[in-house]
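As a plain string of letters, each chain reads:
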Amino acid sequence: ENKIALVTGSSRGIGRAVALRLAQEGAVVAINHPGEPAAASEVVGRIESEGGRAVAFEADMGRPEQVRTMVERVTAELGPIQILVNNAGICPFHDFLTLPEDLWDHVHDVNLKGAFVCSQAVARTLVSRKLPGRFVFMSSISAWVGGATQVHYTTTKAGMSSLMQSLAIALAPHGIQCNAILPGSILTDISRDVLQPGSELRTYFEKRIPVGRLGEPDDIAGVAAFLCSDAAEMMVGQT
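**Q** Hey, could you go over the packing of helix H3 (residues 64-77) against helix H4 (residues 101-129) for me, with residue numbers and the actual values?
**A** Where H3 contacts H4, the axes come no closer than 9 Å and their chain directions differ by 35 degrees. Of the two elements, H3 crosses H4, and the hand of that crossing is right-handed. Along its contact with H3, which presents Pro 64, Val 67, Arg 68, Met 70, Val 71 and Thr 75, the element H4 presents Lys 113, Gly 114, Val 117, Cys 118, Ala 121, Val 122, Thr 125 and Arg 129. The residue makeup of the contact of H3 with H4, split by class, is eight nonpolar, three polar and three charged.

This is the structure in structure tokens:
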């Protein structure tokens, strides 16, 4: 209730679902988007229509100065951020042999460096004010398995899981708990084009998933809400 939550990349996909769920649980949510004001406004409007409070903040997670400015603005306008969901991520599929170095850098800047910069900025405020916090890192099953056209993406997710584990150790003494979620095959804008109904790849994944279907963003939102709740009081550094 009334905790300030920042969900990066929350104008669509898993981030949107997490933002909606946290608002339903009583949090005041900062909706981060990389330049999608219409989509962000839709999320804010949905939360407000259900009696919650949310404010949109634009910041490219691949630009550290924008990330730090966003954290400062959220803190100034809403209050100290005690719930941080590092969700923002991109995955432009590309063949390894022709993968440009600048694309590798861009994916790492957004997915991994962005999570580091945002976590550091939020943690500094919490530690200085002696406030507890919950950080959730949206990693991926890709942290454990590779992908022929996702070399740049899978390495960021492995890095995010490792970043979470290190921050869990560094921040737990300050009352800040860090955990990660590793979604499998979830229908989002990143995967929708390659997982069309009836496609060979979608059928392959559905056969491998015990419940027999692909995941939806709401399936992940419940886990995130749990990790941010008092029910997860003893969970630290877990994936």
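**Q** Can you lay out helix H1 (residues 13-24) for me, pointing to particular residues and giving the numbers?
**A** Taking 1.5 Å of rise per residue, 12 residues should cover 16 Å, and H1 covers 17 Å from first to last C-alpha, within 8% of that figure. Listed in full, the buried residues belonging to H1 are Ile 14, Gly 15, Ala 17, Val 18, Ala 19, Leu 20, Leu 22 and Ala 23.

**Q** I'd like a description of the sheet that holds strand S5 (residues 133-138), backed by residues and values.
**A** Reading across from one edge, S3-S2-S1-S4-S5-S6 is the order of the six strands in this open sheet, with parallel pairing throughout. Only two strands of the sheet have a single partner each, and these edge strands are strand S3 (54-58) and strand S6 (176-181). The average undirected angle you get between the axes of adjacent strands in this sheet is 20 degrees. Relative to S6, S5 runs parallel, the two sharing six bridges. Along S6, the bridge assignment pairs Gly 133 with Ile 176. Relative to strand S4 (residues 81-86), H4 is tilted by about 170 degrees, and along the sheet it contacts strand S1 (4-7), S4, S5 and S6.

**Q** An account of the pattern of salt bridges is requested, with residue identities and associated values reported.
**A** Oppositely charged side chains may form a pair once their charged atoms are brought near each other. Applying the stated rule across the entire model yields nine salt bridges. For Arg 16, the salt bridge identified is with Glu 42, shortest N-O distance 3.0 Å. Of this pair, Arg 16 sits in helix H1 while Glu 42 sits in helix H2 (residues 37-49), placing them 26 residues apart in sequence. A salt bridge links Arg 46 to Glu 50, with the shortest nitrogen-to-oxygen separation between them at 2.8 Å. Glu 50 gets classed as partly exposed once you look at its relative accessible area, which sits at 43%.

**Q** How would you explain the packing of H1 against H2 if you had to name every residue and give the values?
**A** In contact at an axis separation of 10 Å, H1 and H2 are set at 25 degrees when each is read in the N-to-C sense. On the basis of the axis angle, H1 is roughly parallel to H2. In terms of crossing hand, the pair formed by H1 and H2 is right-handed. In this structure, H1 uses Arg 16, Ala 19, Leu 20 and Ala 23 to contact H2, whose residues at the interface are Glu 42, Val 43, Arg 46 and Ile 47. When its residues are assigned to classes, the contact of H1 with H2 shows five nonpolar, no polar and three charged.

**Q** Any chance you could break down empty space enclosed by the protein for me, citing the residues and the numbers?
**A** Following the criterion strictly, the structure yields one cavity of 30 Å³ or more and no others. Computed from the structure, the largest cavity encloses a volume of approximately 30 Å³. Every residue lining the largest cavity is listed: Thr 8, Met 61, Asn 86, Asn 87, Ala 88, Val 110, Asn 111, Gly 114, Ala 115 and Met 160. At four residues, the largest contribution of residues to the lining of the largest cavity is made by H4. When the residues that make up the lining of the largest cavity are grouped by side-chain class, the tally is five nonpolar, five polar and no charged.

**Q** Go over the layout of surface pockets with me, naming the residues and quoting the values.
**A** By volume, the second largest pocket is sized at about 390 Å³. Elements with a contribution of two residues or more to the lining of the second largest pocket: S4 and S5. Looking at the lining of the second largest pocket residue by residue, the class counts come to six nonpolar, six polar and six charged.

**Q** Could you give an account of the pairing of S5, naming the residues involved and the relevant values?
**A** For S5, the tally of buried residues reaches six of six residues, placing the bulk of the element in the interior. Neither face of S5 is open: one carries Gly 133, Phe 135 and Phe 137, the other Arg 134, Val 136 and Met 138, and all of them are buried. Tracing the backbone out of S5, into helix H5 (residues 151-171) and back to the parallel element S6 gives a crossover that is right-handed.

The rules behind each value
Residues numbered from 1 in each chain as written. Predicted model: local features only at pLDDT ≥ 70, side-chain atom pairs only at ≥ 80, totals over all residues. Heavy atoms only, no water. Axes fitted to C-alpha atoms, helices over the stretch in contact; angles between N-to-C directions. Helix = DSSP H or I, 4+ residues; strand = E, 2+ residues; numbered from the N terminus. Left-handed = near helix turned anticlockwise from the far one by under 90°. Contact = heavy atoms within 4.5 Å. Nonpolar A, V, L, I, M, F, W, Y, C, P; charged D, E, K, R; others polar. Expected span 1.5 Å × (residues − 1). Buried < 20%, exposed > 50% of the residue type's maximum accessible area, 1.4 Å probe, protein only. Pairing = 2+ DSSP bridges. Salt bridge = Lys/Arg side-chain N within 4 Å of Asp/Glu carboxyl O. Parallel < 35°, antiparallel > 145°, perpendicular 65-115°, else oblique. 1 Å grid on protein atoms, 1.4 Å probe; cavity = no way out; pocket = protein on both sides within 12 Å on 5 of 7 lines; lining within 4 Å. Points joined across faces, edges and corners; volume = space filled by probe spheres on them. Right-handed = clockwise from strand over helix to strand, strands pointing away.

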